[in-house]
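# Summary of the model geometry
Spelled out, the chains give:
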Amino acid sequence: MTRSFLGWPAFPEAAEREVGNRQLRENVRRATHTIRGKRAVLAAERPDWEALRDAAAGIKDQVLANLESHLLQVEEKVTAAGGTVHWARDAAEANRIVTDLVRATGEREIVKVKSMLTEEIGLDAALEAAGINARETDLAATIVQLGDDLPSHVVVPALHRNRTEIRDIFVREMGRHGRPAPEGLTDEPAELAEAARLHLREKFLGAKVAVSGANFLVAETGTLVVVESEGNGRMCLTLADTLISVVGIEKTVPSWQDLEVFLQLLARNATGERMAPYTSTWTGLGPSKGADGDGPQTFHLVLVDNGRTRALADPTGRQALRCIRCGACMNICPVYERTGGHAYGSVYPGPIGAILNPLLKGLDDPQTASLPYASTLCGACNEVCPVRIRFTDVLLDLRAQVADGGKHPVERAALGAVGGVMEHQAAWKAAVKSIGLVGPLLLPRKIRLPGPLGGWTDSRTVPAIPRESFRTWWKRTEGDAK
Amino acid sequence: MTDARTEILRRIRAAAVPPAVAPPRHYLRHAPGLDETDRPTVLALFAERLTEYGATVLRADTAAAAVAQALDGARSVVAPVGLPDEWTADWSGEVLVDRPLLETARLDAADAVLTACTAAVAESGTLILDGGPGQGRRAATLLPDLHVCVVRASQVHSALPGALAVLDPGRPLTFISGPSATADIEMIRVKGVHGPRRLAVVLLP
Ligand code: SF4
């Protein structure tokens, strides 16, 4: 069975459970603080950092304004280079297309490059239902898959696991899926990585079909770009006969030269490196159309909407589609640090998850409607986002939409807060209660709050939009949902 | 029933996104803190960044002796089509020419691969291969555990924008910035997962 976020509880409930897990909190805290530190050093190294961010935001806005022509360009260029382009309105359609393509090859086991989109649409489970075993090959994705777990971060999906947990998963599971873990495996990270190398090597060498996502899709040239560290991406993109790339329609960038902006921002912001070890780019089947023995002989590109056009229609929210999945917003987020990624009930956790999931899926579901409340509005994410997404604007706008939605009529408005997550469960409840005691509150233009919420109100003018804490909101609407 | 393509394009038009202004491009086109025309400084930065990754950097006037030194300990090396013969002249191990195409298992069993590159970036210590003469197909630079790459000084750009401008996006490209690595376990950097675990660069004038 492949686990999924289907039917996941709303954020307050899920968060309360996760916050009680001491080990998880410690793992997440350590990992996020490490990446934060590395990122800060590498961003500071570029005196033109803010200019790169300006350019990235501006280019992505051009993408959103010209999406139709970009996609048509991609289709034309990929087709001309020997690839086949497919379009999928939603997850079910995308899964059906990929499943049919794999079935046509007759293969029962395929390899995958880590892709958040294929996690979003639940591709592994769909393939499994069709009798096809899709093996993840990124180390963290392998840890998640072997542990029958769910991803908790967009860059490091197994960030919630420590080395001992990983060792135990490898020892227990590797043998059931291929080459077993070496005898006497310790929990040294280098040994664990070596165990994964050995386990996956035979899968790469035998794989006939690979599935990937893409970090960028260049409209002008039809070029796909995959950025990775381990070489598992290169293995999949190079050794399989058939390559199927499943890409969200918002991943385009207008021109080849625009990559100079995104490739300089992405690794610095994601992992605190100047460039990730490997960046692979390809256009269809290349100049020889696959005849030179370099790379696959068949290439399929599946362009997926799955809610992106819904987000695009939201004037404030559409900026969330600029996201290049660097993970910096989750690494910096005080709420994510306490709850980990699973509380968000989606492969997109943290601040981007709090806005992107409701924008992709709509606010009718109590789970997605709870996410805009999963924030203290401290604005730290605004400061690190390489494409300058204004999270606080979008969060407030979405809260207003929840309040105005009719489904959850506004009886009162209180300041949204997750202050309690900051410490532990008892403090969480106490803080939530204290927020509750603030009672009906329409915010004046400027307000000073005590405690963990004080910081942002010192420096920021608060727009007077009706808001309430997500816990208050949850309590109030829980009955409606049932 | 409309097809998916028509429907997605219709939804995009219906979203009515207003036109966007041209993006500001005030970022640097060269590596910060140096004069791009000062070649010795650019090359020194390239060597420094590669060394930081744990790559070996050998600067030499001609390739043969440095290549032999970089390949020390290897018994076999994959030689892509178009690789200059003189690069392996000083080395006594087995040279596996990739024509006819070597079997995947043969590539996997080889100790090393020797290639040229098409461009390089000093600031990030990046090598860029486009499958042209002497660079090999992608599988050849992936499976052997040691990659030795010969770079000419004139191929080194100080920063990424200069390198992107000379590349052909129609070709399959691989940008290599240090050896394969992961930080997926507790954010501790481990060198060497699936790609070559060792990288050596021979930098020619
Ligand atoms: S929203 Fe911004 S900071 Fe967060 S993952 Fe996306 S690009 Fe990175």
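Note that the coordinates shown come from a computational prediction; the quantities given were computed from them, not determined experimentally.

Conventions adopted
- Residues numbered from 1 in each chain as written.
- Chains lettered and ligands numbered in written order.
- Predicted model: local features only at pLDDT ≥ 70, side-chain atom pairs only at ≥ 80, totals over all residues.
- Heavy atoms only, no water.
- Contact = heavy atoms within 4.5 Å.
- Buried area = accessible area lost by both parts, 1.4 Å probe.
- Salt bridge = Lys/Arg side-chain N within 4 Å of Asp/Glu carboxyl O.
- Helix = DSSP H or I, 4+ residues; strand = E, 2+ residues; numbered from the N terminus.
- pLDDT = per-residue confidence, 0-100.
- Buried < 20%, exposed > 50% of the residue type's maximum accessible area, 1.4 Å probe, protein only.
- Lys, Arg positive; Asp, Glu negative; His and termini not counted.
- Axes fitted to C-alpha atoms, helices over the stretch in contact; angles between N-to-C directions.
- Nonpolar A, V, L, I, M, F, W, Y, C, P; charged D, E, K, R; others polar.

### Let's talk about the interface of chain B and chain A
- Between chain B and chain A, the residue contacts involve 74 residues of the former and 93 residues of the latter.
- Between chain B and chain A, roughly 7,100 Å² of surface is buried when both sides are summed, and carbon and sulfur atoms account for 60% of that area.
- Seen at the junction of chain B and chain A, the total is 15 salt bridges.
- At the level of elements, helix 1 (4-14), helix 2 (39-53), helix 4 (104-109), helix 5 (160-166), strand 9 (173-176) and strand 10 (181-182) of chain B are the ones that each hand at least two residues to the side of chain B that touches chain A.
- Element by element, the count of residues in the side of chain B that touches chain A is highest for helix 1 of chain B, at eight residues.

### Remarks on the confidence of the model for chain A
- When pLDDT is averaged along chain A, the result is 86, and 84% of the positions lie at 70 or above.
- Predicted confidence is poor over residues 427-467 of chain A, with pLDDT under 50, and the contacts of this stretch with residues over four places away or in other chains come to 74 contacts.

### What to know about the side chain of A:Glu230
- Mapping A:Glu230 onto the fold places it in the loop between strand 6 (223-228) and helix 11 (232-239).
- For the buried A:Glu230, no salt bridge is present, and the opposite-charge side chain at shortest range is A:Lys114, 8.7 Å distant.
- Setting aside anything within four residues of it in sequence, one finds A:Glu230 in contact with A:Thr137, A:Asp138, A:Leu139, A:Ala140, A:Tyr278, B:Ser180, B:Ala181, B:Thr182, B:Asp184, B:Val193, B:His194 and B:Gly195.

### Regarding the packing of helix 2 (residues 22-44) of chain A against helix 12 (residues 259-271) of chain A
All names here are of chain A.
- Running from N to C, helix 2 and helix 12 cross one another at 145°; their axes reach a closest spacing of 6 Å. Where helix 2 approaches helix 12, its residues Ile35, Lys38, Arg39 and Leu42 are matched on the opposing element by Arg268, Asn269, Ala270 and Thr271.
- Class assignment for the residues of the contact of helix 2 with helix 12 results in three nonpolar, two polar and three charged.

### Re the pattern of salt bridges
- Considering all chains together, one arrives at 49 salt bridges over all chains under this definition.
- Put simply, A:Arg308 and A:Glu250 hold a salt bridge, and the shortest N to O gap is 2.8 Å. One end of the pair, A:Arg308, is in helix 13 (residues 308-312); the other, A:Glu250, is in the loop between strand 7 (242-248) and strand 8 (252-253), with 58 residues separating them in the sequence.
- Because the salt bridges share partners, they merge into one network encompassing A:Glu45, A:Arg46, A:Asp48, A:Arg268, A:Arg274, B:Arg49, B:Glu52 and B:Glu123.

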